[in-house]
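# Secondary and tertiary structure notes
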Amino acid sequence: MTNRRNFLKGLSALTMGGIASQSLLSCSSPASNKAAETAETAEAAPATKKKIGLQTYSLGQELLKDIPNGLKRLAEMGYSELEIFGYQDATGKFGDYSKDNQTFVSAKDYKKMAEDAGLVISSSHCNPTIWDYAPSNGSKFDEFWKKAVDVHAELGVKYLVQPGLPPVENEDDAKRVTDVFNRAGEIAKKAGIKWGYHNHNMEFVPVPAGSEKPKYEKNPWRSKGTPIEELFINNTDPENVLFELDVYWTVMGQNDPLEWMEKYPNRIKLLHIKDRWELGASGMMNFENIFNMAYKNGVFSFFVELERDRKGRPQFEGVELSAKYLNNASFVK
Ligand code: MG
């Protein structure tokens with residue numbers, strides 16, 4: 001934790017509060033203080049309709065228990081757009097990765113349920129079932145993505161996003177992976193869908209050139225080489241592959257989301273707006289700067305995302321608090 005705290009201190013000084021730890025927030029980041037004040041006056045603000053998206057992973061099993069009514073609750077909270085998850089290759093239906101879950105819905109039914117609730121499903125997370133990116137598996141990946149694209153075309157999404165990092169230890173591995181990404185992007189494009197990749201923290205680990213084996217430092221983010229995320233961006237065709245930057249996981253990967261958005265304004269076109277749990281509570285994310293940059297860059301959409309609450313509170317609660325935070329934040333249009 002010491003490393004991370006020191007890192008955050010250094011970075012917040014460099015980026016005017018682009019990332020600030022909670023303790024720094026009160027004394028060194030006027031922009032963040034303003035955001036906090038905005039959040040505090042939340043209750044009094046008029047309900048204006050903003051374009052706020054949600055990644056339904058945030059709700060885990062809670063949404064699957066009663067999808068039609070759950071979706072209506074989301075619309076009432078102020079969400080208008082969804083990015084769903086849980087596409088199953090075997091059935092072509094949507095559910096969850098959990099073995100306890102028994103709910104699976106077709107693209108047609110999911111679309112109808114969303115429309116009935118006044119929501120649009122504009123994006124979906126989907127991982128291939130193949131994890132060996134050897135060139136000999138190229139046709140298997142094509143087959144997987146062709147089927148996934150067909151199902152998602154029926155769902156009517158604009159974006160299809162892979163959220164899982166394949167095994168990458170060096171630049172050669174990254175090249176094999178991005179060859180598949182480029183093909184997936186081509187396949188999706190034919191159906192009018194934009195294909196993208198979503199990061200966690202490990203994409204910010206630098207990896208060595210060629211086929212060299214990495215020598216990780218105690219802190220893997222200080223290893224020598226090029227970050228996987230950068231290799232993914234530079235090895236993919238901008239016409240076929242976009243990037244969905246998860247701003248929280250970028251920070252957890254000891255990087256500043258603002259620096260990436262500034263460096264790749266034409267590649268990072270979707271965002272995951274995420275905090276430790278509900279948005280704004282930790283004080284470690286400077287959402288005002290992130291949103292300002294997103295509007296400047298013409299980001300297409302953003303999706304709120306929550307991990308499972310460590311205190312056992314209902315996920316719907318955090319999802320609602322997050323909608324309130326954004327609805328009352330003057331920096332969110
Ligand atoms: Mg995410």
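Because the structure is predicted, anything quoted here is derived from the model rather than measured.

### Thoughts on the overall build of the chain
Per the secondary structure count, the chain includes 13 helices and ten strands. Within the chain, contacts between residues separated by at least 24 positions form 76% of all contacts whose residues are at least 6 apart in sequence. If you sum the accessible surface of the chain, you get close to 15100 Å²; carbon and sulfur atoms cover 52% of it.

### A word on empty space enclosed by the protein
Evaluation of the coordinates by the stated rule reveals one cavity of 30 Å³ or more. As for the largest cavity, its lining consists of Thr56, Gly60, Leu63, Leu64, Phe85, Phe94, Gly95, Val105 and Tyr110. Residues of the lining of the largest cavity, tallied by class, amount to six nonpolar, three polar and no charged.

### Describing unusual backbone geometry
Among all residues save glycine, negative phi is the norm, and among peptide bonds the norm is trans. Even without being a glycine, Gln254 presents a positive backbone phi close to 60°. Its place among the elements puts Gln254 in the loop between helix H10 (247–252) and helix H11 (257–263).

### Section: the layout of surface pockets
Volume-wise, the largest pocket comes out at about 530 Å³. Contributing to the lining of the largest pocket are 25 residues, with Tyr57, Gly60, Phe85, Asp96 and Glu307 lying nearest its centre. In terms of residue count, the dominant contributor to the lining of the largest pocket is helix H4 (residues 61–65) (three residues). Grouping the amino acids of the lining of the largest pocket by side-chain chemistry returns seven nonpolar, eleven polar and seven charged.

### A short note on the packing of aromatic side chains
Overall, the coordinates contain 21 aromatic pairs when judged by the stated rule. Relative to Trp260, the ring of Phe204 has its centre 5.3 Å away and its plane inclined at 75°; by these criteria the two rings are edge-to-face. A residue pair is termed long-range when its members are at least 10 positions apart, and Phe204 in the loop between strand S5 (194–198) and strand S6 (206–207) and Trp260 in helix H11 qualify at 56 residues. For the pair shown, Phe204 and Trp260 are each scored as buried. Among the aromatic residues, ring-to-ring pairing joins Tyr87, Phe94, Tyr110, Phe144, Trp145, Phe181, Trp195, Tyr197, Phe232 and Phe243 into one connected group. Across from the ring centre of Phe316, 4.0 Å away, lies the NZ or CZ of Arg73, which sits over that ring.

### Here's the deal with the packing of helix H5 (residues 67–77) against helix H13 (residues 315–327)
The N-to-C vectors of H5 and H13 enclose an angle of 25°; their axes lie 9 Å apart at closest approach. As summarised for this structure, H5 and H13 are arranged roughly parallel, according to the angle between their axes. Note that H5 runs across H13; the crossing there is right-handed. Residue-level contacts link Gly70, Arg73, Leu74 and Met77 of H5 to Phe316, Val319, Glu320, Ala323 and Asn327 of H13. Of the residues that constitute the contact of H5 with H13, the class distribution is five nonpolar, two polar and two charged.

### Some thoughts on the nonpolar core
If you look at the biggest cluster of nonpolar residues, it comprises 88 residues, and the most contacted ones within it are Leu71, Leu74, Tyr79, Tyr110, Trp145, Leu271 and Phe287. For Tyr79, the contacting residues outside a window of four places in its chain are Lys49, Ile52, Gly53, Leu54, Leu74, Leu119, Val304, Val319, Ser322 and Ala323. Core analysis: the second largest hydrophobic core is formed by five residues, Tyr159, Leu242, Leu270 and Phe303 among them.

### Quick notes on the confidence of the model for the chain
For the chain, mean pLDDT is 88; residues scoring 70 or higher make up 85% of the total. Throughout residues 1–42 the model reports pLDDT below 50, and contacts reaching past four residues in sequence, or to other chains, amount to 64 contacts.

Rules of the game
Residues numbered from 1 in each chain as written. Predicted model: local features only at pLDDT ≥ 70, side-chain atom pairs only at ≥ 80, totals over all residues. Heavy atoms only, no water. Helix = DSSP H or I, 4+ residues; strand = E, 2+ residues; numbered from the N terminus. Contact = heavy atoms within 4.5 Å. Areas by Shrake-Rupley, 256 points an atom, 1.4 Å probe, with all protein chains shown as cover. 1 Å grid on protein atoms, 1.4 Å probe; cavity = no way out; pocket = protein on both sides within 12 Å on 5 of 7 lines; lining within 4 Å. Points joined across faces, edges and corners; volume = space filled by probe spheres on them. Nonpolar A, V, L, I, M, F, W, Y, C, P; charged D, E, K, R; others polar. Phe/Tyr/Trp six-rings, centres within 6.5 Å; stacked < 30°, edge-to-face > 60°. Buried < 20%, exposed > 50% of the residue type's maximum accessible area, 1.4 Å probe, protein only. Lys NZ or Arg CZ within 6 Å of the ring centre and 35° of its normal. Axes fitted to C-alpha atoms, helices over the stretch in contact; angles between N-to-C directions. Parallel < 35°, antiparallel > 145°, perpendicular 65-115°, else oblique. Left-handed = near helix turned anticlockwise from the far one by under 90°. Core = buried A, V, L, I, M, F, W, Y, C linked by side-chain atoms within 4.5 Å. pLDDT = per-residue confidence, 0-100.

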